[in-house]
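Here's the letter readout for the chains.
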Amino acid sequence: MILNFNSFRVLKVLTMDNLELKDKAKKIFTLLHRDHPNPKTELIYKNEMELSIAVALSAQTTDKKVNEITQRLFKKYTGWEDFAKASIQELQQDIRGVNFHMGKAQRLIKMAQKVISDFGGNLPREMHELITLPGFARKSSNVVMQELWGKAEGIVVDTHVTRVSNRLGLTTQQDAIKIEKELMAIFPKESWRVLSGSMVLHGRYVCKAIKPNCLGCSLNKICPSAFKI
Ligand code: SF4
């Protein structure tokens, strides 16, 4: 590739922008980490199976609602076998209350069957394996890996992280995969686990979709959206 003067100028501007963004990302991480030193999921679970089922149920549904459902659910279904052999109609009734419960029931049964047939009844530990489970994509896999084993292969991008990262000017994307890629480029890998959890909590309790609490937000001095929503 031949680089002319203009190419160097564009490259310089991009590098400057990226440096500024990384500097801003560093400040954001410091403040979020201070607010949430050890963020954990608010889903209630006792083992790997329970967390993965709860995470699969939580798409488009609040953690509070999922916890209400799983409190009863995990008394009836105590292992992967119970889900794998479940009647679809019965499971649909048992998870009624979470959004899209019809499709989720189907996927839970298929997920349990795959865990048993392909992974010997143990939840797989690698991203490339987790994303093969029905009902699991990168977001769910990131949550499970970070929560259970403290491993961060990526950044959890849910509805809260999408909203907060856009408001903070870290991305202009709305697609979760693209946002994750952009955030991974500006935050160092060692920050991904805490960043994921703290940004989710920040979005849930401070930077809410409607009426964000900019006055009480520790990021309001560096946020371009502060007091504008
Ligand atoms: S200042 Fe307001 S818009 Fe910006 S991150 Fe905080 S709560 Fe959200």
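Residues numbered from 1 in each chain as written. Predicted model: local features only at pLDDT ≥ 70, side-chain atom pairs only at ≥ 80, totals over all residues.

## Section: the nonpolar core
Logical step 1: Counting 46 residues, the largest nonpolar core has Ala56, Leu57 and Leu108 as the members making the most contacts within it.
Logical step 2: If you tally residues by element for this core, the top one is helix H2 (residues 48-57), at seven residues.
Logical step 3: Once you skip the residues sitting within four places of it in the chain, alanine 56 turns out to touch Lys104, Arg107, Leu108, Met111, Gly135, Phe136 and Ser140. (Core = buried A, V, L, I, M, F, W, Y, C linked by C-beta atoms within 7 Å. Buried ≥ 20, exposed ≤ 12 C-beta atoms within 10 Å, placed from the backbone. Helix = DSSP H or I, 4+ residues; strand = E, 2+ residues; numbered from the N terminus. Contact = placed C-beta atoms within 7 Å.)

## Some details on the packing of H2 against helix H8 (residues 138-149)
Logical step 1: Orientation of H2 relative to H8, taken along the N-to-C sense of each, is 150 degrees, at an axis distance of 10 Å. Taken together, H2 and H8 sit at an angle that is classed as roughly antiparallel. Read as a crossing pair, H2 and H8 show a hand that is right-handed. Of H8, the residues touching H2 (which contributes Glu48, Leu51, Ser52, Val55 and Ala56) are Ser140, Val143, Val144, Glu147 and Leu148.
Logical step 2: Across the contact of H2 with H8, the residue classes tally to six nonpolar, two polar and two charged. (Axes fitted to C-alpha atoms, helices over the stretch in contact; angles between N-to-C directions. Parallel < 35°, antiparallel > 145°, perpendicular 65-115°, else oblique. Left-handed = near helix turned anticlockwise from the far one by under 90°. Nonpolar A, V, L, I, M, F, W, Y, C, P; charged D, E, K, R; others polar.)

## Thoughts on unusual backbone geometry
Phi is mostly negative for residues that are not glycine, and the peptide bonds are mostly trans.
Logical step 1: With phi around 60 degrees, glutamine 60 is a residue other than glycine that occupies positive phi space.
Logical step 2: Relative to the helices and strands, glutamine 60 resides in the loop between H2 and helix H3 (63-76).
Logical step 3: Backbone geometry at lysine 211 places phi at a positive 55 degrees, although glycine is not the residue there.
Logical step 4: Along the chain, lysine 211 turns up in the segment after helix H11 (192-205).

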